[in-house]
Amino acid sequence: MPVGDDGRPDPRGAGEHDSTVVHAPGVLVRRTPWSVVALGPDAPEAVVLRDGAVEVWDAFATPARVADVAARVATARGATVAAVSGEVVEAVRRLVGAGVLHVVTDGAR
Amino acid sequence: MSASAAWFARVVAAHGLPGAGRARAPGAAPAFAELLAVATREGMTGLLCRAIDAGAVEADGAQRERARRVHEDALARDLRLERLAVRTSTLLAAEGVAHRVLKGPVVARVAYEAPDLRSFRDVDVLVGRDAFERAVRLLTAEGGTRRFGEPRAGFAARYTKGVCVEGVDGCQVDVHVTLAPGPFGLAIPVEELFGSPDTIRVGGVAVPVLGPVHRFLHACYHAALGDDPPRLASLRDVVELVRRGESHADAVLATARRWRGRAVVQRALRLSAATLGVPVPEAYDEWVQRYRPAPLEAAALRSSLPPAAGYARQAAAGLLLLPGARARLHYAASLLFPGREYLADREGSYLRRARRALGLARGSAR
């Protein structure tokens, strides 16, 4: 996992389609009927996920390729992969940056 | 808090409990902001959101969204506290300090249908009396500040409920050596609390906690003696733990008898049922109705409740249930003749302190 100048996880490249991503080890989670709140082991703040971001979060409970998750989300929504791919990639970058997702293998390398 | 807000807060606290029934609300609903503030203070924003969704509490769309955001903020704080609990437990374990994580983070996970229904304010950890000073030193070495002085060195470890260590981020770790302040805490044979190992997993880490019987008794002690008025979340903890059926009533009452704390269990069960509008659990109902506390236990309970309660009166009442004549003598001497710095911050002279102690002792015995 690349680390930025500030010592925090660097999400650049984390959302590449070939990256394999999973919930960060030690992440703490609370689930409500409408959202997920997650706190990374070293993160200063928790992140709140709603709507589509919850779907993306759940998809990475076990290690998964970003491209495969985008395909799954597209099927679940009855949409094309192209239509959801940008959203999934952006969500993964955000969650890696927040320290709640962990990149197992980086597709950018 | 307005009477209307108090009424609605109890509706929220009882939301979803079987048998919870209520008469009509006393007048108009409180301002939503007041109800939200009460729910936040009581650690039950999750229950408020569920009550709104179920139509038990009326709210328009904007109010519902506001409640959800406040709840998510509460959960973010819960998670920071939970992470602190894990770090504290890991630190103590690494240094060989036997401990048990207590209360909110544990009850939320083991007793409630979903952990988000129970928020909390701090982290509580129990250590043995002989490891107390070391545990506090470990936490202060991490940047925490110890609060509360003690009459003589070693008094807190031997005779109090514990101390609070406040972290640089404002989050608190309460380091306990027993489960309650005053006489009931002193009567608990604390070494027994380390004899029934149980763990919960938090963020992948196994965290040691009290066993089911002790967990339930602690919930009762906290609900009955912890706050005035009792926190609604603490009362619901008692009901939820009975609902989970983790501990058998016979085992609970046998342990409470040894701890001389049956009056506390009786009060917790009565209070939770009356406040939340639910029946006393069937397993305890007959016992709650017929149990009459022994005079010393009744006196200890009186000293622990308003208007009598207070640190000084509870300290004096500690003599009622502290086991062993030598321990009682040492305890009384430590309280009567504290160190000069401690005395200077309080009565100022040994004579004035002795007069005050005499008055408190008379009050406890009545």
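Every value quoted in this text rests on a predicted model; they were computed, and no experiment measured them.

## Section: the overall build of chain B
- A count of helical and extended segments in chain B gives 18 helices and 7 strands.
- Buried residues in chain B amount to 53% of all 366 residues.
- In chain B, the share of contacts with a sequence separation of at least 24, taken over all contacts with a separation of at least 6, comes to 67%.
- Working note: accessible area of chain B is about 16,200 Å², and carbon and sulfur atoms make up 53% of it.

## Considering the packing of aromatic side chains
- Counted under the stated rule, the structure contains 5 aromatic pairs over all chains.
- Relative to B:F8, the ring of B:W7 has its centre 5.0 Å away and its plane inclined at 75 degrees; by these criteria the two rings are edge-to-face. Both residues of the pair, B:W7 and B:F8, belong to the buried class.
- Judged by centre distance (5.1 Å) and plane angle (20 degrees), the rings of B:W287 and B:Y291 are stacked. As far as burial versus exposure is concerned, B:W287 and B:Y291 are alike and both buried.
- Connected via pairs of aromatic rings, a cluster forms that spans B:F184, B:Y221 and B:W259.
- Here B:R68 stacks its cationic end above the ring of A:W34, 4.4 Å away from the centre of that ring.

## As for the nonpolar core
All names here are of chain B.
- Judged by nonpolar contacts, the single largest core of 73 residues is most densely connected at L48, L225 and Y284.
- Ranked by residue count, the leading element in this core is helix α9 (residues 212–225), at 9 residues.
- When residues no more than four places from it in sequence are discounted, the contact partners of L48 are V12, L35, L36, A39, V57 and A67.
- L75, A85, V165 and V209 belong to the second-largest nonpolar core, a separate cluster that totals 35 residues.

## Looking at the environment of B:A131
- Inspection of the secondary structure puts B:A131 in the loop between β2 (123–127) and α6 (132–141).
- When the C-alpha positions of B:A131 and B:A98 are compared, they lie 8.0 Å apart, and in sequence the two are 33 residues distant.

## Regarding the interface of chain A and chain B
- Taken together, the contact pairs 22 residues of chain A with 20 residues of chain B.
- A buried area of about 1,700 Å², summed over both sides, lies between chain A and chain B, and 58% of it is on carbon and sulfur atoms.
- On the chain A side of the contact with chain B, A:L28, A:R30 and A:W34 bury the most area, a combined 45% of that side's loss.
- Viewed at the interface, chain B and chain A are joined by 5 salt bridges.

## Brief notes about unusual backbone geometry
- That bond from B:D228 to B:P229 is cis: its omega, 0 degrees, falls within 30 degrees of zero.
- As for its position among the elements, B:P229 is in the loop between α9 and α10 (232–244).
- Residue A:D51 is not a glycine yet carries a positive backbone phi of 50 degrees.
- With a phi close to 55 degrees, B:R260 is a non-glycine residue in the positive phi region.
- Structurally, the position occupied by B:R260 is in the loop between α11 (249–258) and α12 (262–276).
- Relative accessible area serves as the criterion here: at 35%, B:R260 is assigned to the partly exposed category.

## A few points about the confidence of the model for chain B
- For chain B, per-residue confidence averages 87 on the pLDDT scale, and residues scoring 70 or more make up 87% of the total.
- The complex prediction reports pTM at 0.85, with the ipTM value standing at 0.86.

## Looking at the pairing of strand β3 (residues 35–39) of chain A
Residue and element names in this part refer to chain A.
- Most of β3 sits inside the fold, with 5 of its 5 residues counted as buried.
- Both faces of β3 are covered, namely the face carrying S35, V37 and L39 and the face carrying V36 and A38.
- Here strand β2 (residues 28–31) pairs with β3 via 4 bridges, running antiparallel. In the sheet register, R31 faces β3, and the bridge partner there is V36.

Definitions and cut-offs
Residues numbered from 1 in each chain as written. Chains lettered and ligands numbered in written order. Predicted model: local features only at pLDDT ≥ 70, side-chain atom pairs only at ≥ 80, totals over all residues. Heavy atoms only, no water. Helix = DSSP H or I, 4+ residues; strand = E, 2+ residues; numbered from the N terminus. Buried < 20%, exposed > 50% of the residue type's maximum accessible area, 1.4 Å probe, protein only. Contact = heavy atoms within 4.5 Å. Areas by Shrake-Rupley, 256 points an atom, 1.4 Å probe, with all protein chains shown as cover. Phe/Tyr/Trp six-rings, centres within 6.5 Å; stacked < 30°, edge-to-face > 60°. Lys NZ or Arg CZ within 6 Å of the ring centre and 35° of its normal. Core = buried A, V, L, I, M, F, W, Y, C linked by side-chain atoms within 4.5 Å. Buried area = accessible area lost by both parts, 1.4 Å probe. Salt bridge = Lys/Arg side-chain N within 4 Å of Asp/Glu carboxyl O. pLDDT = per-residue confidence, 0-100. Pairing = 2+ DSSP bridges.

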